[in-house]
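Results of the structural survey
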Amino acid sequence: MTLTRRTLLRASLGTACSVAAHPLANPVVWAATPGENRLVVIVLRGAMDGIGVVQPYGDRTFAQMRPTLASTGEDLADLDGFFGLHRDFHPLLPLWQAGELGFVQAVSTPYRAKRSHFDGQDFLENGGSSPEGTMTRSRDGWLNRALGLIPGATAKTAIAVGREHMILLDGKHKAGAWSPTNQLLLKDDERQLLSMIYAGDPLFAEALASAEGLSTLGPKAARRETSQSMASFAAEVLNGEGRIAAFSLTGWDTHRNQDRVFARIGKELVRAILTLKTDLAANWRHTTVLAVTEFGRTARENGSAGTDHGTGGAMVLAGGAIRGGKVLGRWPGLGEGQLYEDRDLMPTEDLRRYCAWALAGQFGLAGSDIEKTVFPGLEMGADPRILA
């Protein structure tokens, strides 16, 4: 075997790293491509309650269905006279006011079968069209398929500190993987050796430094650092040759005490988006961020001050490249006969359509190619004008 810096790093870290247990092992993946535009996809694992984050207070039925979870007063920031933002996401309001934050309500993938997290997440990342959640024959990710359509796209050398990868960028087109949430367990002499070897390589040196820093944190501290670390590293890659990045935030399954869960996981999403804006600096104006989830949650709250697995949900749009300050999508209503199976928000938009238009706008991909290769079976329809 030829000894390269990649094989040496893999060999050294492979014996020295212990992977943090779920939900902390969240990989970051990226790929390099020419041009100035950038795309970040954040997968919100666990099914984010879209009408809990962006609340339709203008629909009178909402407060009746959510007697304890419907926000009031200062806990709800008005967005457009109909929708309001939950208090745990208020730090994003300056982005909304600057036109760098938006939302799409009542979206979903075509998946309608069993409301399974595992199937729903796989299907979300694969981008297939089957209501049963059957993945495409290639079982790869829609972002990976998009790479094959971007002229001049090249692969970024991988840094594999974690063991997991995202289906989103899995496939025949090369992409890297790096996880900042693993614990690095090195002896002093091993640490010094790796530091010396990678001293002249900024990318590898930074990866090693990040892993070393997280190794000193306890489990709770590591959880606090996760979203910021991933976003910061993604921004570093995007400030260099990288143009596409993806990572996931777990913990959105809110069957019990939803407000308490939001207080924790909401901060993670807020921190990730604000870190991207800060660290990308001038490149933020070329960036589109899509935060997507496998499905929404029930319209009615349950008896445990939470919500159960649903269908229609919301997606978050952010970045200097978006046309923000709007809640997009066709609101279906929450009244009698308006819910999906009399329990869920009725999906009126295909989530993949907005992802498709983001790809078309950011990288100049033809709609026909996206419909055929990236999202087979999708009809993109009219441009929703999510990009500035």
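In this text the structure is predicted, and so the values were computed from the model without any measurement.

1. Digging into the overall build of the chain
Secondary structure summary: the chain contains 12 helices and 14 strands in total. Among the 388 residues that make up the chain, the fraction classed as buried is 57%. Restricting to contacts in the chain with at least 6 residues of sequence separation, those with at least 24 account for 76%. When the accessible surface of the chain is split by element, carbon and sulfur atoms take 50% of a total near 16100 Å².

2. Side note on the side chain of serine 248
Take serine 248: it is sitting in strand 10 (residues 242–249). Separated by 3.3 Å, the side chains of serine 248 and arginine 45 make a polar contact.

3. A word on the pattern of salt bridges
Throughout the structure, instances matching the rule amount to 15 salt bridges. In this structure, aspartate 253 and arginine 297 form a salt bridge, with 3.0 Å as the shortest nitrogen-oxygen distance. Here arginine 297 lies in the loop between strand 11 (287–293) and strand 12 (313–318) and aspartate 253 lies in the loop between strand 10 and helix 10 (258–280), a separation of 44 residues in the sequence. For arginine 297, a relative accessible area of 1% gives the class buried. Residue glutamate 268 is joined to arginine 271 by a salt bridge in which the shortest nitrogen-to-oxygen separation is 3.1 Å. Here the residue glutamate 268 and the residue arginine 271 both occupy positions in helix 10, the gap between them amounting to 3 residues, near one helical turn. According to the relative accessible area criterion, glutamate 268 is buried, its value standing at 10%. In this structure, a network of salt bridges that share partners links the residues Arg115, Glu341, Arg343 and Asp344.

4. Brief notes about unusual backbone geometry
Residues other than glycine seldom take positive phi values, yet arginine 139 does so here, at roughly 55 degrees. Examined against the element boundaries, arginine 139 turns out to sit in the loop between helix 5 (117–126) and helix 6 (142–147). Judged by relative accessible area, which is 51%, arginine 139 ranks as exposed. Backbone geometry at arginine 385 places phi at a positive 55 degrees, although glycine is not the residue there. Owing to a relative accessible area of 49%, arginine 385 belongs among the partly exposed residues under this scheme.

5. Looking at the environment of arginine 297
Note: C-alpha distance between arginine 297 and glycine 50 (247 residues apart in sequence) is 7.4 Å. A distance of 3.0 Å separates the side chain of arginine 297 from the side chain of aspartate 253, its partner in a polar contact. At 3.1 Å, the side chain of arginine 297 forms a polar contact with the side chain of threonine 254.

6. Quick notes on the side chain of threonine 293
Inspection of the secondary structure puts threonine 293 in strand 11. Reaching out from threonine 293, the side chain makes a polar contact with the backbone nitrogen of alanine 47 at a distance of 3.4 Å. Setting aside anything within four residues of it in sequence, one finds threonine 293 in contact with Leu44, Ala47, Met48, Leu124, Ala314 and Leu351.

7. Section: the packing of aromatic side chains
Taken as a whole and assessed by the stated rule, the structure comprises 9 aromatic pairs. Consider the rings of tryptophan 142 and phenylalanine 375, whose centres lie 5.0 Å apart with planes at 40 degrees: the pair is tilted. Of this pair, tryptophan 142 sits in helix 6 while phenylalanine 375 sits in the segment after helix 12 (367–374), placing them 233 residues apart in sequence. For the residue pair tryptophan 142 and phenylalanine 375, the accessibility class agrees, reading buried in each case. Taken together, the ring pairs in this structure connect Phe82, Phe83 and Trp331 into an aromatic cluster. The positively charged end of arginine 112 is found above the aromatic ring belonging to tyrosine 340, 5.9 Å away from the centroid.

8. Things to note about the environment of glutamate 100
With respect to the element layout, glutamate 100 can be found in the loop between helix 4 (93–97) and strand 7 (101–108). When its relative accessible area of 16% is taken as the criterion, glutamate 100 is described as buried. Taking the C-alpha atoms as reference, glutamate 100 lies 9.8 Å from lysine 277; in sequence the two are 177 residues apart. Ignoring anything within four residues of it in the chain, the contact list for glutamate 100 reads Leu95, Lys277, Trp284, Leu317, Ala318, Gly319, Gly320, Ile322 and Gly324. Within the structure, glutamate 100 has its side chain in polar contact with the side chain of lysine 277 (distance 3.1 Å).

9. Describing the confidence of the model for the chain
Per-residue confidence for the chain gives a mean pLDDT of 84; residues scoring 70 or more make up 76%. Contacts of residues 156–163 to residues separated by more than four positions or lying in other chains number 30 contacts, the stretch itself having pLDDT below 50. Low pLDDT, under 50, characterises residues 213–225; the predicted model gives this stretch 18 contacts beyond four residues in sequence or across chains.

Rules used throughout
Throughout, residues of each chain are indexed from 1 in the direction in which the sequence is written. The predicted nature of this model means local features are confined to residues of pLDDT at least 70 and side-chain atom pairs, given and counted, to a pLDDT of 80 or more, with totals for whole chains, interfaces and linings taken over all residues. Hydrogens and water molecules were not included; the side-chain quantities draw on all heavy atoms of the structure. Only DSSP runs of H or I reaching four residues or more are called helices, and only runs of E reaching two or more are called strands; each is numbered from the N terminus. Here's how the labels work: a residue is buried when its accessible area is under 20% of the maximum for its type, exposed when over 50%, partly exposed in between, all with a 1.4 Å probe on protein chains only. Any two residues having at least one pair of non-hydrogen atoms within 4.5 Å are treated as being in contact. Residue burial considers only the protein chains on display, and all accessible areas are found by Shrake-Rupley using a 1.4 Å probe. Here a polar contact is taken to be a pair of N or O atoms separated by no more than 3.5 Å, where protein atoms must pair a possible hydrogen donor with a possible acceptor and residues adjacent in sequence count only if both atoms sit in side chains. In what follows, salt bridge is the name for a side-chain nitrogen of Lys or Arg lying within 4 Å of a carboxyl oxygen of Asp or Glu. Each aromatic pair joins two rings of Phe, Tyr and Trp (for Trp, the six-membered one) with centres within 6.5 Å, and gets the label stacked for planes under 30 degrees apart, edge-to-face for over 60, and tilted for any other angle. Only when the NZ of Lys or the CZ of Arg is both within 6 Å of the ring centre and within 35 degrees of the ring normal is a charge said to sit over the ring. Predictor confidence is given residue by residue as pLDDT, running from a minimum of 0 to a maximum of 100.

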